[in-house]
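Listed below, chain by chain, are the residues.
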Amino acid sequence: MSAPGPARTVWNDEKVLRRFAPFAAAMITLGFATVPLSNAEPRLEPLIAAGVLALLLFCSVPFVPWARLPRWVALLVPFGGLLIIALLRHADYGAASGFGILVLMPVLWLALYGTRAELIALLVAIALMFVVPILVFGSPDYPPTEWRRAILFVALSGFVGLLTQGLVATVRARAREAEERARLERRREAYMRAVMDSAAEGIAALDTDGLATFVNPSGAEMLGYSVDDLVGRPMHATIHHSHPDGSPYPVEDCPVHASLEHGSESRRSDEVFWRQDGSSFPVEYRSKPIESGEEIVGAVMTFSDISERLEVQRAKDEFVSLVSHELRTPLTSIRGSLGLMEGGVLGELPDEVLRMLGIAISNTDRLVRLINDTLDAERIESGKTAMERRECELGELMKQTGDLLAANAREAGVQLEIEPLATTIYADPDRIIQTLVNLVGNAIKFSPDGAPVTVSGEADDGLVRVTVRDRGPGIPPDQRERIFDRFSQLDSSDTRQQPGSGLGLAIARGIVEQHGGRIWVESKPGDGSTFAFEIPRSGGEAS
Ligand code: ADP
C-alpha cells in the first residue's frame, strides 16, 4: 500500500482542520470534565491539558492561515491531542484510566489527513506515552503489567490507523477517478453539443418511443419550431405524418421507425418533412439506430432541405434535354448526308476522302449515341419513359446481349461467358437488354486482354438477380455509389483512357429502379468488379 498521495492538499485544506478541531475538543472536553469528579485533589495536569486544548481550539478559528503555514504546524493537532490524552490519563487513575482509548482519535485523524510517515511517527509517540510513565513513575499507578497494555494499544492503534489510511487512500483514488471521468464526460458533452449546434444539417435524436430527445438549432429552424418545442414530441407525427401528395404516412412504414424497431439504417431523398406552419419541404435524411451493446436505445436522424438542389437539378436536366433535342435534328441530317456521300451518291470518291468520311461518320454516330443516352437517362430517371412490361424469358435476354456484344468482346480479346438463367419475368425486355448491354459493355471495356467476363443469373421466390463479373481494375469503395450518377467516371488514369459518357450506369440504375429493383457493385480493387441487379419477377408492378 502506498502513502496517500494528495495528503498535502488535504492537509492544507483549512476546512478539514477546522472540522476536526471542534470534534477533538468535544471528545477531550468530555473526558477532561470527568477528571475533577474522579480525583479529590485538584491537579496540575488537567490545567496543562486545558492550555493545550485551548491552543488546539484556536487552530480551528477561521483566521489561522493554514494554507500558508508550514506543514509541521498542522501536526500540532494530532500530537497536541495525544499530549492532552497523556496528561488526562496521568491525572485520572494512571494506567487504570479510561482515557487511554482516546489515542485512537489522533490516530484516525492522521489516517484520514496525514502521510504514512506521520502516522508511524504518531504510533511511536503513543508507544512513548505508554512506556515513559512506567519507567518514570512505576507502581502502583503504572504496574509492570502495564507493558502488556502498552503493546496492545500500539498494536491496536497501528492496525486501526494503517487499515483506515489504506481504505481512505482507495476511496480517495476512486473518487478522483470518478471526478476525472465526470470532467471528461462534461467536456465531451460540451464538445459534441458545440459540433451539433454549429452543424448546418438538422440532427435529431429519438428515444425508443420515437419521441425527440435532442434537436439541434439548424434542424429546429428548418422545421419552423424552437428546439424546446420539438423536444419530447413524437417526431413522426410532428414532421413526417404525410407523403408529398398529402396522403397519410403510417409510422410503421417510416425508415426511422425501422431503425428503432430493427436497427436498420436508411437514407431517403424522395420524401418531405412538414413544418409547423403546415408547409413542407423536400428532404434528404438518414436514420441510424443508437445501440448500447445489443440493445437499441434510440435512433439518430440527420436531415437537410434539398429544395435548392432539386431546383438546380431540374434546371440542369431541362437545359440538357433542350440542347440535346436541338442538336439531334441537325445531327441527323449531317449523318444522313455523310451516309449518302459514302454510299456514292456523288460519284466515286478518292480513298483519302472516303477515309475522312469514315472518321466523320463514326464520330457523328458517337455524338448521336451520346445525345440519345443523355435524353434517355433524363427520361428514365425522371420516370417520363414508361416501361413496356410483358412476360419474357430472362435467359433469352441474356443470350441476346451476348450476341450483341460478341463482336466487341472478340475485338477486345475478352472471353464472354454467358450462363443464361431460364426463368420468366414480367419486364420491359428492350430495357433489360439495354441494362445488360451497359453492364457487360463496361465489363468488356475495362477487362484486360484474355480475361473472362461472366454473366450469370439466380432466382428465388420473388426476385431474379443478374451478375456481371469482370477482372478489370475494380472500383474503389468511395466511388461505388457515385459511378451510378449521371456523367460520373472514375478518376483513375486507366479508366479515363476508355471512351464513354458516364451515362451507361445511370441509365441502368434508372431502368432497374423503374422495375422496382436495385443495382450495385461489389469490387476488390485490382481483382475486378461484380455488377449486379435484382428485380422482382413481377417487374415492379403490383400483381
Ligand atoms: P461510361 O460510358 O463512362 O462507361 P458508365 O456510367 O457506364 O459510363 O460508367 C461510369 C464509370 O464507372 C466508368 O467511366 C468507369 O470509370 C466506371 N466503371 C463502370 N464499369 C466498370 C467496370 N466494369 N470496371 C471498372 N470501372 C467501371
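Since we're looking at a predicted model, the values are computed, not measured.

### Regarding a nonpolar patch on the surface
- A cluster of nonpolar side chains, Ile-120, Val-124, Leu-128, Val-132, Leu-135, Val-136, Phe-137 and Trp-147, forms an exposed patch at the surface whose accessible area comes to about 770 Å².
- Counting residues per element, the nonpolar patch draws most heavily on helix H7 (residues 116-136), at six residues.
- Examined against the element boundaries, Phe-137 turns out to sit in the loop between H7 and helix H8 (146-198).

### Describing the environment of Ala-194
- Position of Ala-194 among the secondary structure elements: in helix H8.
- By relative accessible area, which is 45% here, Ala-194 ends up partly exposed.
- Separated by 22 residues in sequence, Ala-194 and Asn-216 have C-alpha atoms that sit 9.8 Å apart.

### With respect to the site of the ligand
- In the vicinity of the ligand there are 19 residues, among which Asn-442, Lys-445, Asp-470, Gln-489 and Leu-505 approach most closely.
- Between the ligand and the protein, one listed contact pairs an oxygen atom with a side-chain N or O atom of Asn-442 at 2.7 Å.
- At 3.3 Å, a backbone N or O of Gly-504 approaches an oxygen atom of the ligand.
- Considering the ligand on its own, with 520 Å² of exposed area, one finds that the protein chains cover 97% of that surface.
- Per element, the largest residue contribution to the shell around the ligand is four residues, and it comes from helix H16 (residues 429-446).

### Concerning the layout of surface pockets
- By volume, the largest pocket amounts to about 1,600 Å³.
- Looking at the largest pocket, it is lined by 30 residues, and the ones nearest its centre are Ser-269, Glu-284, Asp-485, Arg-509 and Glu-513.
- Counting only elements with at least two residues in the lining of the largest pocket, the list comes to strand E3 (266-274), helix H13 (307-342), helix H14 (351-381), helix H18 (504-514) and strand E11 (518-523).
- A per-element tally of the lining of the largest pocket places H13 first, with five residues.
- Looking at the lining of the largest pocket residue by residue, the classes come out as seven nonpolar, six polar and 17 charged.

### A look at the packing of H16 against H18
- Two numbers describe how H16 lies on H18: the axes approach to 9 Å, and their chain directions differ by 145°. In the crossing of H16 with H18, the sense of the turn from one axis to the other is left-handed. On H18, the residues that touch Arg-431, Gln-434, Thr-435, Asn-438, Leu-439 and Asn-442 of H16 are Gly-504, Leu-505, Ile-507, Ala-508, Ile-511 and Val-512.
- Among the residues forming the contact of H16 with H18, the class breakdown is six nonpolar, five polar and one charged.

### Focus: the packing of aromatic side chains
- Evaluated as defined, the whole model comprises seven aromatic pairs.
- On the basis of an interplanar angle of 70° and a centroid distance of 5.5 Å, the ring pair of Trp-109 and Tyr-113 is categorised as edge-to-face. Here the residue Trp-109 and the residue Tyr-113 both occupy positions in helix H6 (residues 104-113), the gap between them amounting to four residues, near one helical turn. Comparing Trp-109 with Tyr-113 shows no difference in burial state: the two are buried.
- Seen from their ring centres, Phe-273 and Phe-303 are 5.4 Å apart, and the 70° between their planes marks the pair as edge-to-face. A residue pair is termed long-range when its members are at least 10 positions apart, and Phe-273 in strand E3 and Phe-303 in strand E5 (residues 295-305) qualify at 30 residues.
- By relative accessible area, which is 0% here, Phe-303 ends up buried.
- Here a set of aromatic residues connected by ring pairs shows up, and it is made of Phe-273, Phe-281, Tyr-285 and Phe-303.

Each value, and the rule that gives it
All residue numbers here refer to positions counted from 1 along the written sequence of the relevant chain. Since the coordinates come from a predicted model, pLDDT governs what is reported: local features require at least 70, and pairs of side-chain atoms require 80 or more to be given and counted, while whole-chain, interface and lining totals use all residues. As a convention, hydrogens and water are excluded, and side-chain values are obtained from all of the structure's heavy atoms. By definition, no residue in a patch forms a salt bridge, and every one has over 30% relative accessible area; like charges are joined within 9 Å, nonpolar side chains (Val, Leu, Ile, Met, Phe, Trp, Tyr) within 5 Å. All accessibility values rest on the Shrake-Rupley procedure with a 1.4 Å probe; residue burial counts only the protein chains present in the view. Every case where a carboxyl oxygen of Asp or Glu lies within 4 Å of a side-chain nitrogen of Lys or Arg is listed as a salt bridge. Numbering goes from the N terminus for both helices and strands, where a helix is a DSSP run of H or I of at least four residues and a strand is a run of E of at least two. Whether a residue is buried, partly exposed or exposed follows from its accessible area with a 1.4 Å probe, protein chains only, as a fraction of its type maximum: under 20%, in between, or over 50%, in that order. In this text, near means that some heavy atom of the residue lies within 4 Å of the molecule or strand in question. Any pair of nitrogen or oxygen atoms within 3.5 Å is treated as a polar contact; in protein, a donor-acceptor pairing is required on top of that, and neighbouring residues in sequence qualify only through side-chain atoms on both sides. The method works on a 1 Å grid over the protein atoms by themselves. A cavity is a set of points holding a 1.4 Å probe that cannot get out, a pocket is an open set with protein on both sides within 12 Å along at least five of seven lines, and residues with an atom within 4 Å of a point line them. Grid points are joined across faces, edges and corners, and a volume is the space filled by probe spheres set on the points. Residue type decides the class: Asp, Glu, Lys and Arg count as charged, Ala, Val, Leu, Ile, Met, Phe, Trp, Tyr, Cys and Pro as nonpolar, and the leftover types, Gly among them, as polar. Axes here mean lines fitted to C-alpha atoms, for a helix over just the part in contact, with angles spanning 0 to 180 degrees between N-to-C directions. The hand of a helix crossing depends on one turn: near helix anticlockwise from the far one by less than a right angle means left-handed, and clockwise means right-handed. By the convention used here, residues are in contact when the closest approach between their heavy atoms is within 4.5 Å. Pairing of aromatic rings covers Phe, Tyr and the six-membered ring of Trp, with a centre-to-centre limit of 6.5 Å; geometry is then stacked below 30 degrees between planes, edge-to-face above 60, and tilted otherwise.

Keep in mind these numbers describe shape, not what the thing actually does.
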